[in-house]
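# A look at the structure
So you can see what is in the structure, the chains are spelled out below.
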Amino acid sequence: MELNDGNLQTLTEYLQKTLSPDPAVRRPAEKFLESVEGTQNYSILLLTVLEKSQNEVIRVCAAVTFKNYIKRNWRVVEDEPNKISDPDRTAIKANIVNLMLSSPEQIQKQLSDAISIIGREDFPQKWPDLLTEMVTRFQSGDFHIINGILRTAHSLFKRYRHEFKSNELWSEIKLVLDTFAQPLTELFKATIDLCQTHATDINALKVLFSSLTLISKLFYSLNFQDLPEFFEDNMETWMTNFHNLLTLDNKLLQTDDEEEAGLLELLKSQICDNAALYAQKYDEEFQPYLPRFVTAIWNLLVTTGQEVKYDLLVSNAIQFLASVCERPHYKHLFEDQNVLTSICEKVIVPNMEFRSADEEAFEDNSEEYIIRDLEGSDIDTRRRAACDLVRGLCKFFEGPVTGIFSGYVSSMLTEYAKNPGVNWKHKDAAIYLVTSLASKAQTQKHGITQANELVNLSEFFVNHILVDLKSPNVNEFPVLKADAIKYVMTFRSQLPKEQLLETVPLLVAHLQAESIVQHTYAAHALERLFTMRGANNTTLITPTEMAPFTEQLLNNLFKSLAIPGSSENEYIMKAIMRSFSLLQEAIVPYIPTLIGQLTHKLLLVSKNPSKPHFNHYLFESLCLSIRITCKANPDTVNSFEEALFPVFTEILQNDVQEFVPYVFQVMSLLLEIHTSSIPSSYMALFPHLLQPALWERTGNIPPLVRLLQAYLEKGAATIASAAADKIPGLLGVFQKLIASKANDHQGFYLLNSIVEHMPPDSITQYRKQIFILLFQRLQSSKTTKFVKSFLVFINLYCVKYGAIALQEIFDSIQPKMFGMVVEKIIIPEVQKVSGQVEKKICAVGITKILTECPAMMDTEYTKLWSPLLQALIGLFELPEDDSIPDDEHFIDIEDTPGYQTAFSQLAFAGKKEHDPIGDAVSNPKILLAQSLHKLSTACPGRVPSMLSTSLPAEALQYLQGYLQAATVQLV
Amino acid sequence: MPTENLSDKRMSKFKNKGKEPTKMRDRRIAECVELRKAHKVEGIMKRRNISSVGDEEPLSPEYNTDNKQVISEAIQEIVANVNNECPEKQRQGCQAARKLLSRERNPPLKEIVEAGLLTRFVEFLGRNDDPTLQFEAAWSLTNVASGTSWHTQQVVEHGAVPAFIALLASPMLNISEQAVGYLRNLTWTLSNLCRNKNPFPRFSAVQQMLPSIIQLLHHSDKSILSDACWAISYLTDGPNERIDVVIKTGVLPRLVELLGFEELAVVTPALRSIGNIVSGSDLQTQAAIDAGVLSALPLLMRHPKSSVQKEAAWAVSNIAAGPCQQIQQLITCGLLAPLVDLLRNGDFKTQREAVWAVTNYTSGGTVDQVVHLVKCGALEAILNLLQAKDAKTVLVILDAINNIFLAAEKLGEVDKLCLLVEEVGGLDRIEFLQNHENNAVYRAAQALIEKYFSEDGDDQCLTTEATDSNFVFGASDVQKRFDF
């Protein structure tokens, strides 16, 4: 591609087309450009258009196209062709810095990005003159150029902040320092001087302050890995200037904007970060400067306003103080009572105030407010920073700080009492202060777990919290009500039980509040109280204690779901679930009404499921209703089915993907409750459950397998008689599942249920096929998980159909197959089987093979008899072998091409572990002893001789133990 | 590890989960690129030219020039004098060489070597009849040996080691007024001869010097002790075979004793030597433990100088990388409390070493030992350090947290640990690290969150994409033969 006018013209035209809103024009143009980008000179043409075009839009378009081209192609990947020719690379590197610097800002940013992409690959070895070229420009005196250089340097160097130390990295940094540190320092000083000169020129100041901010960022990157010799030597210059800048105020640079941080804030914020870096990492060298910075930053905080634009600066500044004050050798900076008082009064208290922005969020954006306030996503807020500072100060000054704050708390409460309508925010701040002062350790599950002993939480509760909770008008001062509820929630582990019990009915009343935050907190608080544990591992609050409030609680919870904005409130639904679970049979009388409401809700949300947590707890609540009611009276299962099946049918028919797995779980629960044969309503659904489409969704597989297992348990006979034509389809599901390394265990669950429950005749014709499939999978991709499941299955089969049947079916597939499986699979792998029931099945199965299978005694399989017995004894006695071959470790990930909906398991739809052998065998060791005894009496002399010739002494010793325990002797 | 016996293999397979114990230990890394100023104490070691022996006039200007011509002429004159048969001329030549080599800037070390003077100087070392000549030659050689490793090597190659050792027996060192001064210089020379790593000093040379160094380690002069200790620290800063040679001299009890000295100049190199030794094999570490190092370390971990704290923490981190019996000894000897103190209050470099100690401990310790460490407050302390501005430290901490969780899994106490981590604010910090710019850090944080802190974590069931098949049951092609 030659560099001529024709080509430039063509390129311009295509670039123009890529801006077209019409995809029919745009896409072909994009395709074309991509198809020619491999040709030599393409990038040079692009840069020429960028430089020479008269059309501003085309220039920007060329810049963006160029950057994306660099992003895609610059890196040379090993074993792949070099996508940009070497002359082009050289030409690009030779021109790009100049080009960037002479371009308007919009283009400059694109090119700066491109330079850092190239730099990431080529700098420093393959682009040795980049740095010097950049440094030279510092002398240009043109701050448009200088800022371009600084921005580029920042994007090149910022990775030093997070990469691991390595020789390569440090060599690069050293090189950068050698070339860059001195000029950067000169530039820093010169820029500060210029700020003096142009102190009244707002436009000049703006540019200069962006330079200073960038320089401060570069300082941070260059000093991050370790303290460079250069900066140690020049610490005086940098720190003195940083300190001056921190204390500097320039009216001209103050902005009117309340939200967006101005240049001054950005610069000071970065300086706080720089100081924090030095304080943390280079303490020894930084010590002489630290006190000055503490004072400056503290003064900064005292003089900074409440506007949102200062938030980052303030929270960075407070975090700096918080990190310094808990270091032993700086504690003297804070220990003076006056200092502590000032910090408390001027830094902490003001930053805990409820601001108008908070008030807006409380009213209009309650969801976000709750997430921030309740779930702690407030990591960079002022309140959070202030709390951290309180905790930091408490490390050494818990007594004095508590004393100072107690004074503030009471004065704020007095203010409030004078005129609550006007001064309610004072009480809010007081409560917040008490909370932050008292909390030493906290978890979601238990609230505060460790509290400041100097704060009397109970007394504060009685004097200030209870009043608000008891207030007859639930809708007055919603923020204070929410604070009070949150107080109970937060300190629930600290408050005595009587006080908690006292609040329960009050919280129930607050469920009726109009404020979303308020009733949400009430629901959440109740939910948390209900999960508290009392003595002997029961709930702290008992159903009996709840009896007087049960009706009101349930009523209000359901009514609060009708308040605008809370129709799918997950906290309320979770509280409903938790109330059911706590109250147990006490809810039975209300269920007939409630189930209608829950079903109605389900019908509504199934139109458009949008709140996964709400929906999950809704299904959990349904499960609880069913379990609790049917436990008292199993016959009521029919009425649940009557209520639920219409909605379920609609969900299944409309294929509401999010809900289908839940529906299967609830249906499994219902079906498992049935004691007689399977109802016809279920049988009608059976063919549909085998539809391939359902099985294609990952989330459906576990609940569907469980549902089919329930069908087999309750209705195997019905299936065999009335739906025998569906058996191949059922086995087809098994076949599909075992083909997958991730789902094969589910396939085995199904197969085990089939073998356990289906009448033998009904599956006779398929047995051989089943084994062939299993052998094929074993041959093609054997994994530990598969082998474990396989072992359990064949032993279950052996238990059910007998050892002879097992041996015969194996040998009918291929001669000597049985011996091969015993030798290559059972003996070496049985040790890996895990789970009590699974091990028991294997033990009983192997015992049968050893003692009820003539082929093991009389054919060439005989040589396997002793090793198999030894493996069985190993299964009894040795620890489980949980080693997995190396290449299997990542199987789950490798075999997952697309991540689909996760299966959401319902805790309250839980299934008990099933033991197909049950009480028939209580101790497999005794069974082995007895079975060997029986075998030895059938062929006297043989068993003892086989044992004595080939069983190792240790195994023999264990065996003697079993024989003794069973009081039998071998003959 | 020199030998690969069974227990070592077992260790790298299970205990340290694939990390070679040697790798876990030897973190004094080959990374020699430094951004910082060379450390002050070590800086003194590098160049300490012997310029004024006794009271002499300051160097004349002619010796302080960088003019090649002048220097070359001066060297020619030295060569002539030194090769002269007259003892007086020889003494003059040596003295001139020594002065030339003592200048602060750019001493012409290479030029002296290239002028072939070393052979003659070494020869003079043996001139018992002329002590002045002997010592002038010695100081010249010393100044050359204090250069780069090439210079040191040149001195050794010329057979200076046995000559220096012989010189230590010189009557001058007992009778002269300057005896102590001479002995200090000679000790310093020996330490220089031991110093370099690329290449290491020859084994035979080390063997020759060791007895003298050990003897000097018992001297009462602090400066001599210091340099002798530095010599040991250089000799132990290498592969395990080199450490072995030092241990075999039986020096360990003395080194441990020196750890208790007040003088920083002695404690620092003694501690460095011990640190090097415990970074060796398990047996070598055990030898140091048997010599009582664990009773000396707690005091050093509470030393007022943070550089000493750091070195002590480094030693502990290497002992913690050993088998659980050695970890048990850390517990018995009361090292956990000072370790946790360092994690809480040490300066950053010390905290970093202490973090390594925790990670090594938790990856090699038994479940009980890990529980004990957590009870001592180490978990809370490392969780606080997750705010450290150093990606590697953060990653190492996440590793330790993971190890502690593995122990909790074995005890069935994961939930309890989760609560503990959350209580002390650790969960917030780990969650925050999911935004870390460093990929390894963010992945490690994410893995912890997913595995232990995500409510739905256990419900996820990954699987393959389903095919469009009809689920028709039946094996397609029956394989000819199954063979497992």
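Chain B goes by Importin subunit alpha in an unreviewed UniProt entry, where it is assigned to Cyprinus carpio. Its UniProt record, at the heading Sequence similarities (unreviewed entry), says of chain B: "Belongs to the importin alpha family."

Chain A appears in an unreviewed UniProt entry as Exportin-2 from Cyprinus carpio carpio. For the record of chain A, the UniProt heading Sequence similarities (unreviewed entry) holds the text "Belongs to the XPO2/CSE1 family."

## With respect to the overall build of chain A
Within chain A one finds 49 helices and 2 strands. Against the 2.2 N^0.38 benchmark of 30 Å for 971 residues, chain A shows a C-alpha radius of gyration of 38 Å, more extended than a compact globule. By its C-alpha atoms, chain A is 110 × 85 × 65 Å across when sized along the principal axes. Among the 971 residues that make up chain A, the fraction classed as buried is 55%. Across chain A, contacts joining residues at least 24 apart in sequence account for 74% of those joining residues at least 6 apart. Surface exposure of chain A reaches about 41000 Å², of which carbon and sulfur atoms provide 51%.

## As for the UniProt feature "repeat: ARM" (unreviewed entry) in chain B
If you check UniProt for "repeat: ARM" (unreviewed entry), the listed places come out as residues 159-187 and 208-250 of chain B in our numbering. A distance of 16 Å separates the end C-alpha atoms of residues 208-250 of chain B, which is 77% helix and 0% strand.

## Some details on the environment of Ser140 of chain A
Residue and element names in this part refer to chain A. Of note, Ser140 is situated in the loop between helix 7 (130-138) and helix 8 (143-157). Taking relative accessible area as the criterion, Ser140 reaches 37% and is therefore assigned partly exposed. Once you skip the residues sitting within four places of it in the chain, Ser140 turns out to touch Ile145 and Ile146. There is a polar contact of 2.8 Å between the side chain of Ser140 and the backbone oxygen of Arg137.

## A closer look at the pairing of strand 1 (residues 439-443) of chain A
Residues and elements named next belong to chain A. Where strand 1 and strand 2 (residues 447-451) come together, 4 bridges link them in antiparallel fashion. Paired with Thr443 across the bridge in strand 2 is Gly447. Connecting the antiparallel pair strand 1 and strand 2 is a turn made up of 3 residues.

## Description of the nonpolar core
Phe180, Phe320, Tyr711, Phe771, Leu774, Phe775 and Trp865 of chain A are the most contacted members of the largest nonpolar core, which totals 355 residues. Sorting elements by how many residues they give to this core places helix 20 (residues 382-418) of chain A first, with 16 residues. Look past the residues within four positions of Tyr711 of chain A in its chain and what remains in contact with it is Leu671, Ile678, Tyr682, Met683, Leu685, Phe686, Leu689, Ala716 and Ile719 of chain A. Ile327, Val358, Leu417 and Phe453 of chain B belong to the second-largest nonpolar core, a separate cluster that totals 141 residues.

## Some thoughts on the packing of helix 45 (residues 865-877) of chain A against helix 49 (residues 953-965) of chain A
Residue and element names in this part refer to chain A. Running from N to C, helix 45 and helix 49 point in directions that differ by 70 degrees, and their axes come no closer than 10 Å. Regarding the angle of helix 45 to helix 49, the classification is roughly perpendicular. Contacts between helix 45 and helix 49 involve Leu869, Gln870, Ile873, Phe876 and Glu877 from the former and Ala955, Tyr958, Leu959 and Tyr962 from the latter.

## A closer look at empty space enclosed by the protein
Residues and elements named next belong to chain A. Scanning all chains against the criterion turns up 5 cavities of 30 Å³ or more. In this structure, the largest cavity occupies an estimated 120 Å³ of space. Lining the largest cavity we find Tyr369, Asp373, Arg383, Asp428, Ile431, Tyr432, Thr435, Asp483, Lys486, Tyr487 and Thr490. Elements with a contribution of two residues or more to the lining of the largest cavity: helix 19 (366-374), helix 21 (420-438) and helix 23 (478-490). Here the residues of the lining of the largest cavity are counted per class, giving 4 nonpolar, 2 polar and 5 charged.

## Here's the deal with the packing of aromatic side chains
What characterises a pair of aromatic rings is the spacing of the ring centres plus the angle enclosed by the ring planes. Residues and elements named next belong to chain A. By the definition in use, this model includes 52 aromatic pairs over all chains. For the pair Phe619 and Tyr662, a centre-to-centre distance of 4.6 Å together with 15 degrees between the ring planes defines the contact as stacked. Here Phe619, found in helix 30 (residues 612-632), pairs with Tyr662, found in helix 32 (residues 660-673); they are 43 residues apart in sequence, far enough to count as distant. By relative accessible area, Phe619 is classed as buried at 0%. Given the relative accessible area of 6%, Tyr662 is considered buried. Ring centres of Phe775 and Phe810 lie 5.2 Å apart, and the angle between their planes is 80 degrees; on these two criteria the pair is classed as edge-to-face. With Phe775 in helix 39 (residues 767-780) and Phe810 in helix 41 (residues 803-813), this residue pair connects regions lying 35 residues apart in the sequence.

## Examining the confidence of the model for chain A
All names here are of chain A. Confidence in the prediction for chain A averages 89 pLDDT; 97% of positions are at 70 or higher. Within chain A, the lowest mean pLDDT, 32, falls on helix 46 (residues 891-894), and the highest, 96, falls on helix 27 (residues 550-560). Counting interchain partners and residues more than four positions distant, the pLDDT-below-50 stretch residues 886-902 has 24 contacts.

## Concerning the UniProt feature "domain: Importin N-terminal" (unreviewed entry) in chain A
As recorded in UniProt, the sites labelled "domain: Importin N-terminal" (unreviewed entry) are residues 29-102 of chain A. Between the end C-alpha atoms of residues 29-102 of chain A the distance is 29 Å, and the span holds 72% helix and 0% strand.

## Focus on the side chain of Thr435 of chain A
Residue and element names in this part refer to chain A. Mapping Thr435 onto the fold places it in helix 21. From its side chain, Thr435 meets the backbone oxygen of Ile431 in a polar contact 2.7 Å long. Once residues lying within four places of it in the same chain are set aside, the contact partners of Thr435 are Tyr487, Thr490 and Phe491.

## Thoughts on the packing of helix 8 (residues 131-145) of chain B against helix 12 (residues 179-195) of chain B
Residues and elements named next belong to chain B. In contact at an axis separation of 9 Å, helix 8 and helix 12 are set at 35 degrees when each is read in the N-to-C sense. Regarding helix 8 and helix 12, the two cross each other, and that crossing is left-handed. Facing helix 8, whose interface residues are Phe135, Trp139, Thr142 and Ala145, helix 12 presents Tyr182, Asn185, Leu186, Trp188, Thr189, Asn192, Leu193 and Arg195. Considered class by class, the residues forming the contact of helix 8 with helix 12 number 7 nonpolar, 4 polar and 1 charged.

## Overview of helix 36 (residues 727-738) of chain A
Residue and element names in this part refer to chain A. An ideal rise of 1.5 Å per residue puts 16 Å on 12 residues; helix 36 measures up with 17 Å between its terminal C-alpha atoms. Taken across its 12 residues, helix 36 has 10 buried, putting it largely inside the fold. Turning to helix 36, its buried residues number three or more, namely Ile727, Leu730, Leu731, Gly732, Val733, Phe734, Gln735, Lys736, Leu737 and Ile738.

About the cut-offs
- Residues numbered from 1 in each chain as written.
- Chains lettered and ligands numbered in written order.
- Predicted model: local features only at pLDDT ≥ 70, side-chain atom pairs only at ≥ 80, totals over all residues.
- Heavy atoms only, no water.
- UniProt positions renumbered as here; feature names shortened; annotations may be inferred.
- Helix = DSSP H or I, 4+ residues; strand = E, 2+ residues; numbered from the N terminus.
- Rg over C-alpha atoms; globule rule 2.2 N^0.38 Å.
- Buried < 20%, exposed > 50% of the residue type's maximum accessible area, 1.4 Å probe, protein only.
- Contact = heavy atoms within 4.5 Å.
- Areas by Shrake-Rupley, 256 points an atom, 1.4 Å probe, with all protein chains shown as cover.
- Polar contact = N/O pair within 3.5 Å; in protein donor to acceptor, adjacent residues only side chain to side chain.
- Pairing = 2+ DSSP bridges.
- Core = buried A, V, L, I, M, F, W, Y, C linked by side-chain atoms within 4.5 Å.
- Axes fitted to C-alpha atoms, helices over the stretch in contact; angles between N-to-C directions.
- Parallel < 35°, antiparallel > 145°, perpendicular 65-115°, else oblique.
- 1 Å grid on protein atoms, 1.4 Å probe; cavity = no way out; pocket = protein on both sides within 12 Å on 5 of 7 lines; lining within 4 Å.
- Points joined across faces, edges and corners; volume = space filled by probe spheres on them.
- Nonpolar A, V, L, I, M, F, W, Y, C, P; charged D, E, K, R; others polar.
- Phe/Tyr/Trp six-rings, centres within 6.5 Å; stacked < 30°, edge-to-face > 60°.
- pLDDT = per-residue confidence, 0-100.
- Left-handed = near helix turned anticlockwise from the far one by under 90°.
- Expected span 1.5 Å × (residues − 1).

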